[in-house]
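Observations on the model geometry
The primary structure of each chain is shown beneath.
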Amino acid sequence: MIYPIVVYGSPILRLVAKEISAESYPNLKTLIADMFDTMHKSDGMGLAAPQIGKSIRIFVVDATSLEDEDPTLKDFRKVFVNPKLQVLGEDKIVMNEGCLSLPKIREDVDRNNRVKITYYDEDWNYFEEEYEGLKARVIQHEYDHLDGVLFIDKINPLRKKLLKGKLNDISKGKVDNIPYKIKVLK
Ligand SMILES: [Zn+2]
């Protein structure tokens, strides 16, 4: 099932999402498969559950399409259930980011270069891993969604002011020419 993407202006994107248990989500695998399908259909590199209207701590990533540019992305297709994130070191990097919930907005965002993350997969296997570079960036962006944070919260206030008109349009569902369906959840 392909979900519409919940966009900026929807209060659910500002909530701290809840952890799930195996008991409360017997259909976890279906949900995760739907999240991958929705992400691929929308041409996204990551998708967090609040973006499909579910305030729970799950996100998926897939950057395997960039394998030609960066061979280390070959197997970067993953689901993170109940993740816990820790930034490592002091190194920060600026990169241009976008978000399915903020269609047609791209801005430079400063983020830590290295992270450590613990999480479960769809079979409730536990993992503890470290990432850097683009992978760490995608993970931090998606993890922020679980805490109600959007990348525009991290840009300079003047830039954000300039985006006001665009943000206003998005929050009314007024966005043209994007390859996926959006929804404003009030
Ligand atoms: Zn996003």
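This text gives an overview of the structure that appears in the document. Here the residue index of a chain counts from 1 through its sequence in written order. Per-residue local features are limited, in this predicted model, to residues with pLDDT of at least 70; the limit for side-chain atom pairs, both in listing and counting, is 80 or more; totals at the level of whole chains, interfaces and linings are taken over all residues. With hydrogens and water excluded, all non-hydrogen atoms of the structure serve as input to the side-chain values.

**Concerning a negative patch on the surface**
Basically, it comes down to this: Note that patches include only residues with greater than 30% relative accessible area and no salt bridge, and the join distances are 9 Å for like charges and 5 Å for nonpolar side chains (Val, Leu, Ile, Met, Phe, Trp, Tyr). Under the convention used here, a 1.4 Å probe and the Shrake-Rupley method define accessible areas, while residue burial counts only the protein chains that appear. When a carboxyl oxygen of Asp or Glu lies within 4 Å of a side-chain nitrogen of Lys or Arg, that pair is called a salt bridge. By the counting rule applied here, Lys and Arg register as positive and Asp and Glu as negative, while His and the ends of each chain are not counted. By convention, the point assigned to a charge is CZ for Arg, NZ for Lys, CD for Glu and CG for Asp. By definition, any uninterrupted DSSP run of H or I lasting at least four residues is a helix, any uninterrupted run of E lasting at least two residues is a strand, and each is numbered from the N terminus. Here's how the labels work: a residue is buried when its accessible area is under 20% of the maximum for its type, exposed when over 50%, partly exposed in between, all with a 1.4 Å probe on protein chains only.
On the surface, a cluster of negative charge is contributed by Glu-67, Asp-68, Glu-69 and Asp-75. Secondary-structure assignment places Glu-69 in the loop between β3 (58-62) and β4 (77-97). Its relative accessible area of 67% is what places Glu-69 among the exposed residues.

**With respect to the nonpolar core**
As a reminder of what qualifies: Only buried Ala, Val, Leu, Ile, Met, Phe, Trp, Tyr and Cys residues count toward a nonpolar core, and they belong to the same one when joined by side-chain atoms within 4.5 Å.
With 19 residues, the main nonpolar core has Leu-31, Ile-32, Met-35, Leu-47, Ile-58, Val-60 and Val-79 as its most contacted residues. Looking at this core, the elements with two or more residues in it are α1 (28-41), β3 and β4.

**Structural notes on the pairing of strand β5 (residues 107-120)**
Regular strands place their side chains on alternate faces of the sheet. For the record, the criterion: Pairing between two strands requires that DSSP report at least two bridges joining them.
Across 12 bridges, the pairing between β4 and β5 is antiparallel. Each residue of the ladder has a partner; that of Val-87, found in β5, is Val-115. In terms of strand pairing, β5 meets strand β6 (residues 126-132) through 7 bridges, oriented antiparallel. Paired with Arg-114 across the strands is Glu-132, a residue of β6.

**Focus: the sheet that holds strand β2 (residues 46-48)**
For clarity, the threshold we go by: Angles here are taken between N-to-C directions and fall from 0 to 180 degrees, while the axes themselves are lines fitted to C-alpha atoms, restricted in helices to the stretch in contact. By the convention used here, residues are in contact when the closest approach between their heavy atoms is within 4.5 Å.
Across the sheet, 5 strands lie side by side as β2-β3-β4-β5-β6; this open sheet has antiparallel pairing. If you trace the sheet from one side to the other, it starts and ends with β2 and β6, each paired once. On average, each strand axis in the sheet is tilted by 35 degrees relative to the strand beside it, whichever way the strands run. In this fold α1 packs onto β2, β3 and β4, with an angle of close to 45 degrees to the strand it touches most, β3. The strands that helix α2 (residues 133-146) touches are β2, β3, β4, β5 and β6; relative to β4, the one it contacts most, it runs at about 120 degrees.

**Re the pattern of salt bridges**
Working definition: two side chains of opposite charge can pair if their charged atoms are close together. What the rule picks out here adds up to 15 salt bridges. For Arg-14, the salt bridge is made with Asp-153, and the minimal N-O distance between the two is 2.7 Å. One end of the pair, Arg-14, is in the loop between β1 (5-6) and α1; the other, Asp-153, is in the loop between α2 and α3 (157-162), and 139 residues separate them in sequence. Glu-107 is the salt-bridge partner of Arg-159, the closest N and O atoms lying 2.8 Å from each other. Residue Arg-159 is located in helix α3, and its partner Glu-107 is located in strand β5; the two are separated by 52 residues in the primary sequence. Here Glu-107 falls in the buried class, since its relative accessible area comes to 7%. By sharing partners, the salt bridges in this structure join Glu-97, Arg-111, Arg-137, Asp-144 and Lys-154 into a single network.

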